[in-house]
Amino acid sequence: MRPKKHKTTGSNDLFRARLDQIINMKHELVLLAGKIDWDWIDGEIAPLYSENGRPGIETRFMIGLLLLKQIYGLSDEGVCERWVHDPYFQFFTGEEFFQHAFPHERSDLSHWRKRLGDKLELLLAESLRVAHEAGALRSQDLKRVTVDTTVQPKAITFPTDAKLLHAAIRGLNRLARQHGVRLRQSYSRVAKAAAMMAGRYAHAKQFGRHQRQLRILRSRLGRIIRDIRRKIEGQPAQEETFALPLGRASQIRSQQQRQRGWKLYSFHAPEVECIGKGKAAAPYEFGVKASIVTNNRRAPGGLFVLHAKALPDNPYDGHTLRDVIDRTETLTGCSIERAYVDKGYRGHDAQNPRRVFISGQKRGVFGAIKRELRRRSAIEPIIGHMKAEGHLGRCYLKGRAGDAANVILSAVGHNFRRILAWLKQLLGLFLGLLWPTLACPAQLNSVS
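Bear in mind the structure is a predicted one, so any value in this text is a computation, not a measurement. (Residues numbered from 1 in each chain as written. Predicted model: local features only at pLDDT ≥ 70, side-chain atom pairs only at ≥ 80, totals over all residues. Heavy atoms only, no water.)

**Here's the deal with the UniProt feature "domain: Transposase InsH N-terminal" (unreviewed entry) in the protein chain**
Those residues carrying the UniProt feature "domain: Transposase InsH N-terminal" (unreviewed entry) are residues 18-115 in this numbering. Annotation note: span residues 18-115, helix share 56%, strand share 0%, distance between end C-alpha atoms 32 Å. (UniProt positions renumbered as here; feature names shortened; annotations may be inferred. Helix = DSSP H or I, 4+ residues; strand = E, 2+ residues; numbered from the N terminus.)

This is how it looks when you write it as structure tokens:
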């Protein structure tokens, strides 16, 4: 059932402290909470609920908690712990009185992310609206954009053959125990020792011994696969349960290090892709490609993320440009006059190719266009901030849906961090202008 509307009593309580009496009402989080249109967000989320059942958790509480997590780069557990002892967090999520215990479960954040799904883009649109209303972003800043792609790494270990084979053996053993399939032998200790020695031999460049340990792991994994298939034969329910894990294990057992085509890089996260971006420090990254769009010209509040999207299956950058520009125009409500991209977008499919300028291009580049093209690289530190201060640097959410949600929420967190910095700057300027008028009476009294 749809969550109840957020209501405040406005009255005092003998045994509880009102938050507006113990916090600074000019704090940037308090100002930001007043600028976000919580009713509009609640109305957009309403179709995701049925008409029956128990009322859901208040929209402002859960959306506010998601925003705080992204703004401050916290984990689900971390934001729930900080909420208990931070009155500004409680005020931001709509509480009227100070609470001494977290009123819900940590897992509610996961359920809400799954429920929102594609609706997460409305938070990005709201962040841009708030930035425009606060004066941090102007309409003219939305007409010229910079587009780039990056890699959002997944929270997996570096995929060596020994690690993958050992993970497949452990995964099949765990699944067999859960479903009551009794194996002839688990090979847990043998696999652990072989995986450990394979890593040591590879480090010592003793590759003959390294390959021998890999053969041990492959043969033991094959025995487990065949044993499970014999035990579940003729049981449709068990066969359906084990079909996907056995397929993954067979793929890991058969794939080779330098083979061409699709490979599996994680037993528990099969959506992970190997992407090479030409970095000296990280020749290969394991995750999903993500597209980021920012304003080219620096707005009063800095550079904002106008659009962010995960791009599964590692498509060519140029083949994604048309869709990215269309989605950006839909989010901002402003048509894009010029887009600036790097050389990875050569051969792009943009609807108006004359309005797309590629790094290093000479023809048609002069004056303002030349200056704006020089600013194309300004998007790189924005991506760095999203990875270092937000969650774009490592995705802990499950599946492709988790990858898509993490990219959008990282962009939302960056935008609200810029808005908070802008509100703090405005407040400092206001107090700086107000201070001489407050100091004059004191000076006059001291003179007299």
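**A short note on the state of the cysteines**
Inspection of every chain in the model, using the stated rule, returns zero disulfides. A disulfide-free cysteine, Cys80 has its sulfur positioned 18 Å from the sulfur of Cys395, the nearest such atom. Cysteine Cys395 is unpaired, with the sulfur of Cys274 as its nearest cysteine sulfur at 17 Å. (Disulfide = S-S within 2.5 Å.)

**Description of unusual backbone geometry**
Glycine aside, negative phi is the norm for most residues, and most peptide bonds take the trans geometry. Unlike most non-glycine residues, Lys205 shows phi in positive territory, near 60°. By secondary structure assignment, the location of Lys205 is in the loop between helix 9 (188-203) and helix 10 (207-232). Assessed through its relative accessible area of 63%, Lys205 is described here as exposed. At Asp313, a position not held by glycine, the phi torsion is positive, near 70°. Residue placement: Asp313 occurs in the loop between strand 4 (305-311) and helix 12 (321-332). (Buried < 20%, exposed > 50% of the residue type's maximum accessible area, 1.4 Å probe, protein only.)

**Points about the nonpolar core**
Counting 81 residues, the largest nonpolar core has Leu32, Ile36, Ile63, Leu67, Phe92 and Leu123 as the members making the most contacts within it. No other element matches helix 15 (residues 399-447), which puts 11 residues into this core. Apart from the residues lying within four places of it in its own chain, the contact partners of Phe92 are Leu29, Leu32, Ala33, Ile36, Trp38, Arg60, Gly64, Leu67 and Leu68. The next biggest cluster of nonpolar side chains, apart from the first, holds 29 residues, and it includes Leu164, Leu183, Ala194 and Ile225. (Core = buried A, V, L, I, M, F, W, Y, C linked by side-chain atoms within 4.5 Å. Contact = heavy atoms within 4.5 Å.)

**As for the side chain of Asp342**
Mapped onto the secondary structure, Asp342 falls in the loop between strand 5 (338-341) and strand 6 (356-358). Despite being buried, Asp342 has no salt bridge partner; Arg376 is the closest side chain of opposite charge, sitting 4.3 Å away. Those residues within four positions of Asp342 in sequence are excluded, and the remaining contacts are Asp148, Ile358, Ser359 and Arg376. (Lys, Arg positive; Asp, Glu negative; His and termini not counted. Salt bridge = Lys/Arg side-chain N within 4 Å of Asp/Glu carboxyl O.)

**Side note on the pattern of salt bridges**
Under the criterion given, the structure shown has 25 salt bridges. Note that Glu285 and Lys279 form a salt bridge whose closest N and O atoms lie 3.2 Å from each other. Judged by its relative accessible area of 34%, Lys279 is partly exposed. Via salt bridges that share partners, Lys69, Asp76, Glu77, Arg106 and Arg113 belong to a single interconnected network.

**A few points about a positive patch on the surface**
Taken together, the side chains of Lys343, Arg346, Lys362, Lys370, Arg371 and Arg374 make up a positively charged region of the molecular surface. Secondary-structure assignment places Lys370 in helix 13 (residues 368-374). (Patch = residues over 30% accessible without salt bridge, like charges linked within 9 Å, V, L, I, M, F, W, Y side chains within 5 Å. Areas by Shrake-Rupley, 256 points an atom, 1.4 Å probe, with all protein chains shown as cover. Charge placed at Lys NZ, Arg CZ, Asp CG, Glu CD.)

**Topic: the pairing of strand 4**
The buried fraction of strand 4 amounts to six of the seven residues, a majority that puts the element mostly inside the structure. With six bridges joining them, strand 3 (residues 285-295) and strand 4 adopt antiparallel strand pairing. Within strand 4, the residue paired with Ala290 across the bridge is Ala310. (Pairing = 2+ DSSP bridges.)

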